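As a plain string of letters, each chain reads:
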Amino acid sequence: MRPKVFILFAILAVMPLVLSSVATPFPETMRSFSTQTFKPVFQTSDFFSDHITGIFTKGRDLFFAYKQNQELRQRIASLETEVNQLREERKQIAGIEKLLPFLRKNPRTITLAHIIFRGMSFWEHNMVIDKGKKQNIQKNVAIVTHQGLVGRVIMASSSASQVMLLTDYSSKVSVIDQESRDIGLLCGDGRKLLRMTYVDLASTIKVGDTVVTSGMGGIYPKGIPVGKIETVGTDKDGLHLFALVRPFVNFSKVEEVLCLARASGESDYSSWS
Amino acid sequence: MFGTSIRRIGLFFLVIVFFEIFFGRILEIFGFRPDLFLIVIVFWAFVINRHTAPQIAIVLGLIRDFFATGFFGAETLSYFLCAVFISVVSLKLNRQNYWMRGFTCFIFSLLHFWLYALIIFIMDEAKPISRDFWWVSIYHSFYTAVIATWIMRFFERWLYPRQSHISFNT
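Rules behind the numbers
- Each chain has its residues counted from 1, following the order in which its sequence is written.
- Chain letters start at A and ligand numbers start at 1, both assigned in the order the entries are written.
- At least 70 in pLDDT is required for a residue's local features to be given in this predicted model, at least 80 for side-chain atom pairs to be given and counted, and no such filter applies to totals for whole chains, interfaces and linings, which use all residues.
- The basis for the side-chain values is all heavy atoms of the structure; hydrogens and waters are excluded.
- Going along the chain from the N terminus, every DSSP run of H or I of four or more residues is numbered as a helix, and every run of E of two or more is numbered as a strand.
- Throughout this description, a polar contact denotes any pair of N or O atoms lying within 3.5 Å of each other; where both atoms belong to protein, one of them has to be capable of donating a hydrogen while the other can accept it, and for residues adjacent in sequence the pair is counted only when both atoms sit in side chains.
- The contact rule is simple, with two residues in contact once any of their heavy atoms fall within 4.5 Å.
- Whenever Lys or Arg places a side-chain nitrogen within 4 Å of a carboxyl oxygen from Asp or Glu, that contact is recorded as a salt bridge.
- For every residue, the accessible area obtained with a 1.4 Å probe (protein chains only) is divided by the maximum for its type, and the residue is called buried under 20%, exposed over 50%, and partly exposed between those limits.
- To define axes, lines are fitted to C-alpha atoms, for helices over the stretch in contact only, and angles between the resulting N-to-C directions are given on a 0 to 180 degree scale.
- Note on angle classes: values under 35 degrees are labelled roughly parallel, values over 145 roughly antiparallel, values of 65 to 115 roughly perpendicular, and the remainder oblique.
- Crossing chirality is assigned from the near helix's rotation relative to the far helix, an anticlockwise turn below a right angle marking it left-handed and a clockwise turn marking it right-handed.

Could you clarify how one ought to interpret the side chain of aspartate 65 of chain B in this entry?
You can see aspartate 65 of chain B is positioned in helix H3 (residues 53-67). Reaching out from aspartate 65 of chain B, the side chain makes a polar contact with the side chain of threonine 76 of chain B at a distance of 2.6 Å. In contact with aspartate 65 of chain B, other than residues within four places in its own chain, are Arg31 of chain A together with Phe71, Phe72, Gly73, Ala74, Glu75 and Thr76 of chain B.

Here it is, written out as structure tokens:
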């Protein structure tokens, strides 16, 4: 190509650019004209292009469908796990919220613990909590929930403790009838109902009364709700009355408990309230 | 002049322009479509007449500018500069090799992309070059090169049904 011709074409190539920067409406007018003129062709071609690309797109989607399906399944599984975790956390928070009144009443000695193991022996009704000596949990610390008394710690290691439930054969708690103020000893016998014994024959305990801890013995603070009397009768020796008490706490459904640890230097609980 | 009939060449251009403007979307994959005009320019410079490649580039660039929405004239100038480079280097390349043609298309598609971006950047500062620009230009050019290696055989058979007519002008 000769230089003159080349320069001519170079000017021709630059011209539209210069024209559009100097006279802005020009390219817009030209483009709107071309768009208007070729509108029917655009519409027709668009229609055909849509159909043809649609075939490719469907084929491509089908090709990737398996992989996408796998990815979506994984995502669903991951989301389901997340949802389950959130549900679990919500339940835990709801349980902890119910325990708040206890926390407000006795803030200095309370430690929240989660149950990490439940005893499966018929003879021993116990559970293991995730707090131990590191969290100031010692032997004979009372264990409660927002519903009432659960039991006491019988063995504490550094970061876990074993709790004896009220239903255990060895469990004995001094209790008092909230209405009649009669005192008795609540013993576990491996069943759902607890046996309140050594109740004075002249006492006026009756079915439906609430039983709370008496505070005697120095292990359990006074006034912790324990259960409701379901049956009242006379002992075999004929010297005392007995009562069968249904505990407020459903031991098989407890998830979080409060450990009522003694404050350092304190020998006994003064009051529950 | 071109080793083939003018009527055939005219029909060739008409079909190419019509296809690129109205049906180019058919070849679109993942948002990338081959630059058929650039393939034609490379083909023209390699097979038909390298001296007239810049003129063809101006015509095709103007057509594209009319139907594009970008800065008017940018495509024309960019195509023209590419065509000038192609016409210069085409002599030193093995123009019969289809892979070489594809590779040339890749290089000049990249060059066209970057020249266009440069022109836009100079003329219209409000349009900054995105971070993905470099990757997009490479993907786009690669796709153009893949299509070019295949479609140039078709062009050749169409314009030169008898292979002996190809002169590979100097």
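After that view, the rundown keeps rolling.
Got a minute to help me understand the pattern of salt bridges in this structure?
In this structure the tally under the stated criterion is 7 salt bridges over all chains. A salt bridge links aspartate 209 of chain A to lysine 206 of chain A; the shortest N-O distance between them is 3.3 Å. Aspartate 209 of chain A gets classed as buried once you look at its relative accessible area, which sits at 3%. For glutamate 20 of chain B, the salt bridge is made with arginine 64 of chain B, and the minimal N-O distance between the two is 2.0 Å. Of this pair, glutamate 20 of chain B sits in helix H1 (residues 6-22) while arginine 64 of chain B sits in helix H3, and the two are 44 residues apart along the sequence. Under the relative-accessibility criterion, arginine 64 of chain B is labelled buried at 15%. Residues joined in a network through salt bridges with shared partners are Glu20, Asp35 and Arg64 of chain B.

How do you make sense of the packing of H3 of chain B against helix H4 (residues 74-89) of chain B when you look at a structure like this?
Packed helices, taken two at a time, are described by the angle between their axes plus the distance between the axes. All names here are of chain B. Axis separation between H3 and H4 bottoms out at 8 Å; the angle between their running directions is 160 degrees. By the angle between their directions, the pair H3 and H4 is classed as roughly antiparallel. In this structure, H3 meets H4 at a crossing whose hand is right-handed. The residues of H4 that touch H3, namely those facing Ala53, Pro54, Ala57, Ile58, Gly61, Leu62, Arg64 and Asp65, are Ala74, Glu75, Thr76, Tyr79, Phe80, Ala83, Val84 and Ser87.

How should unusual backbone geometry be read in this particular structure?
Residues and elements named next belong to chain A. The phi torsion at asparagine 140 lies on the positive side, around 70 degrees, for a residue other than glycine. Residue position: asparagine 140 is located in the loop between strand E2 (126-129) and strand E3 (142-144). Judged by relative accessible area, asparagine 140 falls into the partly exposed class, the value being 22%. At tyrosine 198, a position not held by glycine, the phi torsion is positive, near 55 degrees. Checked against the element boundaries, tyrosine 198 lands in strand E8 (residues 194-200). On the basis of relative accessibility, which here comes to 54%, the residue tyrosine 198 falls in the exposed class.

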